[in-house]
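# Fold and geometry: a report
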Amino acid sequence: MTASELLEKTKVFLLDMDGTLYVDDAPIGRMKETLAALRRAGKKLVYCTNNSSKTPEEYVRKLEKIGLWGDGDMVYTSAIAAAEYLKRHHAGKSAYILATDEVRADFAARGIPLDEENPDVCLLAYDTTLTFPKMKKFNEFLAAGKFYAATHPDAVCPALPVSAPDVGSFIELFRVSSGRVPDVICGKPYSVMVEALGGLLGVGKEEIAMVGDRLHTDIRFANLNGFCGVLVLSGETTAEAAASSADRPDLILQSLNDLASLL
Ligand SMILES: [Mg+2]
């Protein structure tokens with residue numbers, strides 16, 4: 001597929017953030033102008049991240065601060081997907097959630113009853129305020145056989161000077177300590193992420209493109225769900241890694257800014 005064909009057929013762009021729009025909070029090149037040009041061309045922009053450490057409102061504020069947010073844009077995180085999943089499949093059930101206070105409050109606002117003592121469900125989100133007492137309690141609930149969900153599988157989160165442990169690393173920790181692995185994982189590349197998203201967008205799969213810098217989450221997500229997969233080389237993936245991967249992008253760009261000259 002060419003970049004022109006991509007622009008022709010795509011109505012909704014699902015945009016990964018870290019490594020795709022910015023690196024360490026600095027927008028990549030003229031990203032502000034590129035996103036504005038996509039909006040002017042009538043494209044819907046959905047910021048689609050596995051990172052469940054922030055609420056949608058916190059992401060909007062962050063994107064506003066670095067000049068990338070625009071009218072009509074939408075944020076969709078693995079935490080939103082997890083909340084929608086729990087409402088559909090565990091309606092009315094209470095949850096013990098490893099997450100920041102802000103994210104836990106967001107789950108409560110979305111109708112998930114929080115329970116610290118005897119929850120029906122355990123959910124592992126990206127808790128950047130994690131403490132040993134929280135981990136110990138979560139492990140006890142897992143050992144008791146509670147339903148176990150995780151927001152996303154990423155082992156590490158891009159950070160300076162080195163990548164930080166992410167939910168995938170904590171999944172391994174709890175696998176060793178409790179013998180349990182998640183009963184469901186909600187983020188990219190899994191289908192739970194798209195079940196809740198699909199109804200919101202109201203367009204066909206072939207009109208959706210997923211743009212991201214990771215082969216095993218962003219591009220696999222596109223391939224598994226019938227979206228167009230656009231790999232950008234502005235983040236963690238090199239051209240060499242892309243050439244030898246089983247996760248095949250439909251199009252490879254140096255960065256999303258490559259589209260600007262066509263708009
Ligand atoms: Mg990324």
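Below, the structure is looked at part by part. (Residues numbered from 1 in each chain as written. Predicted model: local features only at pLDDT ≥ 70, side-chain atom pairs only at ≥ 80, totals over all residues. Heavy atoms only, no water.)

### Observations regarding the overall build of the protein
A count of helices and strands for the protein gives 10 helices and 14 strands. Computed over the C-alpha atoms, the radius of gyration of the protein is 18 Å, within 12% of the 18 Å expected from 2.2 N^0.38 for a compact globule of 263 residues. Expressed as lengths along the three principal axes of its C-alpha atoms, the size of the protein is roughly 55 × 35 × 35 Å. Evaluated residue by residue, the protein yields a buried proportion of 52% over its 263 residues. Considering only contacts within the protein whose residues lie at least 6 apart along the sequence, 68% involve residues at least 24 apart. Roughly 11,400 Å² of accessible area belongs to the protein as shown, and the carbon and sulfur atoms make up 53% of that amount. In the protein, 28 positive and 36 negative side-chain charges are present, and the distance between their average locations comes to 2 Å. (Helix = DSSP H or I, 4+ residues; strand = E, 2+ residues; numbered from the N terminus. Rg over C-alpha atoms; globule rule 2.2 N^0.38 Å. Buried < 20%, exposed > 50% of the residue type's maximum accessible area, 1.4 Å probe, protein only. Contact = heavy atoms within 4.5 Å. Areas by Shrake-Rupley, 256 points an atom, 1.4 Å probe, with all protein chains shown as cover. Lys, Arg positive; Asp, Glu negative; His and termini not counted. Charge placed at Lys NZ, Arg CZ, Asp CG, Glu CD.)

### As for the coordination of the magnesium ion
Binding of the magnesium ion to the protein goes through Asp16 (OD), Asp18 (O) and Asp213 (OD), at separations of 2.1 to 2.2 Å. Written as a sequence motif, the donor arrangement for the magnesium ion is D-x1-D-x194-D. On the criterion of sequence distance, the pair formed by Asp16 in the loop between β1 (12–15) and β2 (22–23) and Asp213 in the loop between β12 (208–212) and α9 (215–225) is long-range, its members being 197 residues apart. Overall, Asp213 belongs to the buried group, its relative accessible area being 5%. (Donors = N, O, S within 2.8 Å, 3.2 Å for Na, K, Ca; no water.)

### Observations regarding the pattern of salt bridges
The tally for this structure, following the rule as stated, stands at 18 salt bridges. Here Arg220 ties to Asp247 by a salt bridge, and the two come within 2.9 Å at their closest N and O atoms. Linking Arg220 in helix α9 with Asp247 in the loop between α10 (239–243) and β14 (251–253), this pair joins segments that are 27 residues apart in sequence. Exposure remark for Arg220: the relative accessible area of 34% places this residue in the partly exposed category. Through salt bridges with shared partners, a single network forms among Asp101, Arg104, Glu116 and Lys137. (Salt bridge = Lys/Arg side-chain N within 4 Å of Asp/Glu carboxyl O.)

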